[in-house]
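# Secondary and tertiary structure notes
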Amino acid sequence: MAEVTSRDWFGKSSAGLLLGFLLALGTSGLFKLAAGVGDTFFSTKGQFAMWLIAPVWASVLSFCFLFASTRAAWGWLGLASGMVWGLLLALGGVA
Amino acid sequence: MKVRTDIIKMYKDVHGWVGILSGLALFIAFYAGAITMFEEPLQRWASPPVRLAPAPSLDKAPELIAKVLAAHPEASKGYDVNLVVDANRPARVSWAVGGRGEEHGPRKTFYASLDGRGDLQATERGPSPIAQFIDVLHQQVGLPLDHEIAMPIMGAIALLYCIAIVSGTVVLLPSLVSDLFALRVGKNVKRMWLDVHNVLGLFSLPFHLIMALTAVVFAFHDQFYDAQGLAFGGGAREERRAVPPRSGRPLDPAALIARVREQAPGFSPISVSFTRSPGGALSARVAGTDPRYGLRGPTAGFAGVDPYTGIIKATDYMPGSQDRWSATITSFFALHFGNFGGAPIRWAYFLLGLAGAMLFYTGNLLWVESRRKKERKAGLVEQTRATRILGALTVGVPLGCVAGISATLAAAKLLGESATSGMHSAIYYAVFLAFIGWALIRGAARAGLDLLIAAAATTASIPIATVIMAGKHPFTVPMVDITAALIASGLLLTWRVMHNRARGGPRDSVWSIAAANASGRCNPAS
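Below: a short report on this structure. As a convention, each chain's residues are numbered from 1 in the sequence order in which they are written. Chain A is the first chain written and ligand 1 is the first ligand written, with later ones labelled in order. Totals for whole chains, interfaces and linings use all residues, but because this is a predicted model, local features are given only for residues with pLDDT of at least 70 and pairs of side-chain atoms are given and counted only at 80 or more. The basis for the side-chain values is all heavy atoms of the structure; hydrogens and waters are excluded.

Residue and element names in this part refer to chain B. We count a stretch as a helix when DSSP gives it H or I for four or more residues in a row; a strand needs E for two or more, and each element gets its number in order from the N terminus. Take Ala 96: it is sitting in strand S2 (residues 93-97). Put simply, Ala 96 and Tyr 79 are 17 residues apart on the chain and 7.1 Å apart in space, counted from C-alpha to C-alpha. We call two residues in contact when some of their heavy atoms are within 4.5 Å. Leaving out residues up to four positions away in the same chain, Ala 96 has contacts with Gly 78, Arg 107, Lys 108 and Thr 109.

Before going further, it helps to examine the sheet that holds strand S6 (residues 282-289) of chain B. Think of a sheet as strands paired side by side through backbone hydrogen bonds, with each pair either parallel or antiparallel. Residue and element names in this part refer to chain B. Pairing between two strands requires that DSSP report at least two bridges joining them. If you walk across this open sheet you meet the eight strands as S4-S3-S2-S1-S5-S6-S7-S8, and the pairing is antiparallel. Only two strands of the sheet have a single partner each, and these edge strands are strand S4 (120-123) and strand S8 (312-314). Between one strand axis and the next, the sheet turns through 30° on average, direction left out of account. Sheet analysis places strand S7 (residues 301-305) next to S8, joined by two bridges and oriented antiparallel. Looking at the pairing, Gly 304 lines up with Ala 314 of S8. The sheet strands contacting helix H3 (residues 61-71) are strand S1 (78-82), S2, strand S3 (108-114) and S4, and the helix crosses S3 at an angle near 130°. Lines fitted to the C-alpha atoms define the axes, with helices restricted to the stretch that makes contact. Angles between their N-to-C directions range from 0 to 180 degrees. Packing against the sheet, helix H9 (residues 253-263) makes contact with S1, strand S5 (268-276), S6, S7 and S8, and its axis sits at approximately 125° to S5.

Quick look at a nonpolar patch on the surface now. Residue and element names in this part refer to chain B. A cluster of nonpolar side chains, contributed by Trp 347, Met 479, Ile 482 and Leu 486, occupies part of the molecular surface with about 380 Å² of accessible area. Residue placement: Met 479 occurs in helix H15 (residues 478-504). Partly exposed describes any residue whose relative accessible area lies between the buried limit of under 20% and the exposed limit of over 50%, with all areas from a 1.4 Å probe on protein chains only and scaled to the type maximum. For Met 479, a relative accessible area of 40% corresponds to the partly exposed category. Grouping into patches uses exposed residues only, defined as over 30% relative accessible area, and leaves out salt-bridged ones; the cut-off is 9 Å for like charges and 5 Å for nonpolar side chains (Val, Leu, Ile, Met, Phe, Trp, Tyr). In these tables, accessible area is a Shrake-Rupley quantity obtained with a 1.4 Å probe, and a residue counts as shielded only by the protein chains included in the view. Think of a salt bridge as a Lys or Arg side-chain nitrogen and an Asp or Glu carboxyl oxygen that are within 4 Å of each other.

For the rest of this paragraph, the subject is the packing of aromatic side chains. By convention, a stacked pair of Phe, Tyr or Trp rings (six-membered ring in the case of Trp) has centres within 6.5 Å and planes under 30 degrees apart, an edge-to-face pair has planes over 60 apart, and any other such pair is tilted. Using the criterion set out here, one finds 35 aromatic pairs over all chains in the structure. Ring centres of A:Phe21 and A:Trp57 lie 5.1 Å apart, and the angle between their planes is 65°; on these two criteria the pair is classed as edge-to-face. Here A:Phe21, found in helix H1 (residues 9-35), pairs with A:Trp57, found in helix H2 (residues 44-63); they are 36 residues apart in sequence, far enough to count as distant. The exposure class of A:Trp57 is buried, given its relative accessible area of 8%. Taken together through their ring pairs, the aromatic side chains of A:Phe31, A:Phe48, A:Trp51, B:Phe218, B:Trp325, B:Phe332, B:Phe333 and B:Phe337 make up a single cluster. The criterion for a charge sitting over a ring is simple: Lys NZ or Arg CZ within 6 Å of the ring centre, and within 35 degrees of the ring normal. The ring centre of B:Phe302 lies 4.0 Å from the NZ or CZ of B:Arg285, which sits over that ring.

Right, let's get into the packing of helix H5 (residues 147-172) of chain B against helix H8 (residues 205-232) of chain B. Residues and elements named next belong to chain B. Viewed as axis vectors pointing N to C, H5 and H8 meet at an angle of 150°, and their least axial separation amounts to 8 Å. In terms of orientation, H5 lies roughly antiparallel with respect to H8. Seen along the crossing, H5 lies across H8 with a hand that is left-handed. Judged by residue contacts, Met 151, Pro 152, Met 154, Gly 155, Ala 156, Ala 158, Leu 159, Tyr 161, Cys 162, Ile 165 and Thr 169 of H5 engage Leu 205, His 208, Leu 209, Met 211, Ala 212, Leu 213, Ala 215, Val 216, Phe 218, Ala 219, Phe 220 and Gln 223 from H8. Among the residues forming the contact of H5 with H8, the class breakdown is 19 nonpolar, four polar and no charged. Should an angle fall under 35 degrees it is called roughly parallel, over 145 degrees roughly antiparallel, and 65 to 115 degrees roughly perpendicular, with every other angle called oblique. For a crossing to be left-handed, the near helix must be turned anticlockwise from the far one by less than a right angle; the clockwise case is right-handed. Here the term charged refers only to Asp, Glu, Lys and Arg, the term nonpolar to Ala, Val, Leu, Ile, Met, Phe, Trp, Tyr, Cys and Pro, and the term polar to all other amino acids, Gly among them.

All right, on to the nonpolar core then. Membership of the largest hydrophobic core comes to 127 residues, with the highest contact counts inside it found for B:Tyr11, B:Phe30, B:Ile134, B:Ile405 and B:Tyr428. Considering each element in turn, this core owes the most residues, 16 residues, to helix H1 (residues 5-36) of chain B. By convention a nonpolar core is built from buried Ala, Val, Leu, Ile, Met, Phe, Trp, Tyr and Cys residues, the set being connected through side-chain atoms within 4.5 Å.

Before going further, it helps to spend a moment on the interface of chain A and chain B. At the interface, 40 residues of chain A touch 41 residues of chain B. A buried area of about 3,700 Å², summed over both sides, lies between chain A and chain B, and 74% of it is on carbon and sulfur atoms. Applying the counting criterion to the chain A and chain B interface returns zero salt bridges. Definition of a polar contact: a pair of N or O atoms within 3.5 Å, with one able to donate and the other able to accept a hydrogen when the atoms are protein atoms, and with sequence-neighbouring residues admitted only if both atoms are side-chain atoms. Seen at the junction of chain A and chain B, the total is eight residue pairs in polar contact (both at pLDDT 80 or more). Elements with a contribution of two residues or more to the side of chain A that touches chain B: H1, H2 and helix H3 (70-91) of chain A. Per element, the largest residue contribution to the side of chain A that touches chain B is 15 residues, and it comes from H2(A). Its residues placed into classes, the side of chain A that touches chain B shows 26 nonpolar, 10 polar and four charged. Defined here as a combined quantity, buried area equals the accessible surface (1.4 Å probe) lost by two parts on assembly, summed across both.

Have a look at this one:
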């Protein structure tokens, strides 16, 4: 296995920041779909969907340094986001 | 536990960089945050006695409300009736005008009572603004900026903090068992600081995870809601349904509270807020506590009540009556605010907050010391400019924050009625900046000693101010003065230890006085 270093921190952490947010937002969308939440602001289920974003985003951002390279980080996180958002689109969860 | 060495090395680098970027801001957030655990007692301690006539009883509140509304029609939009009248809520009835998004200028709160002849008294003089000032300092990690600008910066620091927690834990994993209960106090001071840092970090890991994740939400919730609204629709901010005004007479506050107590015996009401919508519909919200449950707000939960029947209608934010989703959301807030379980939990959070501040301080120390080592390996005899400046900031920012808060707290007593939020802010930042300036001019080692004494003196001035002003402002909440005296003694003790170390420690350390004397200032050119 390739060694990981901190030298490519910028590429990996920007993937974690941007794609991590996309992934977190998509996850909250899947939750809203599964839980049947219409609005976000007033219902408590909707608030829970908003809260979900923080742990997912922060986890991706914290662990994205483990990817072998910048390309791997963007590739895998892009794939994961694509799957989540593809599923959301297929299920009709996107406005 | 076995972790690949390249991963450890990588996360060690990451931990160092995110730590140094966020550590000083987090110190301020945690020190100020620890103090906000006692915002209500602190406000009682700092607020000069009220000049209003003694509050009329709750049964006489309708008379007071009628007179307030006659003299100040703008209060009909919303007013509070307080069940407990004390320094935190100094009048039976209060109301606010202006504020966010309104054209009437900054928010102003008025307090009303009835004098001996039953005439209305109203004053703008409320409780001391000091607790609010420290709370904002905490929320904005010490940045004197507009809330809208400070919050995303705080959010970015919270994200760095998340990365620091994960990377720090991973780095510690391989030596977890051998290092966990080890505190090697001895010749190797850096080893000792590392042990302290590890022990503090590991034992308060759950606390830090909670703080980091909730802080991300507190910073970015507007953006999160907006992004969700954009992506999934559903009208993130749809208007509430308009309720038509009702005929009939609303219940008197006393009767309303009696009805609420019948329905929720464990809930202790503190105040009732009445608001009238632009359409004319009246609504009532009761703020209260229940020590068996966490609270949605920092010091209270809320029940929506029908003002005409006293029936509890909305329990989303009401401790003990929430459904599972609401209770889960409330638990996130309560775990951040430490507002469950009463005083023992507040003290535990206070100590965890101070421990957190120490964690960031020791982290900064370690960073400066390892840079010094690296630089020495590279053949440098003196530290580089960057290391010197960081060393100076590591001393100046934490001590400046401690002393600034102490000075502005002591000033609350001295200023008395004339205290404003602006004055508290000016005093805090003057002291804070002076400490940083002194650290930069004198260098970490010498400034550290001077500033510790100065911080101890400012903190000791809190109980001194209490004694000086005792004539005008009778003793209340002695715990504030006792805690301040303890912190001042702690700072003095630290001064003694540092004093001895500065004379005996390694010469190329940032803490070495000998080196500081030899090289003069913090300026590498000298």
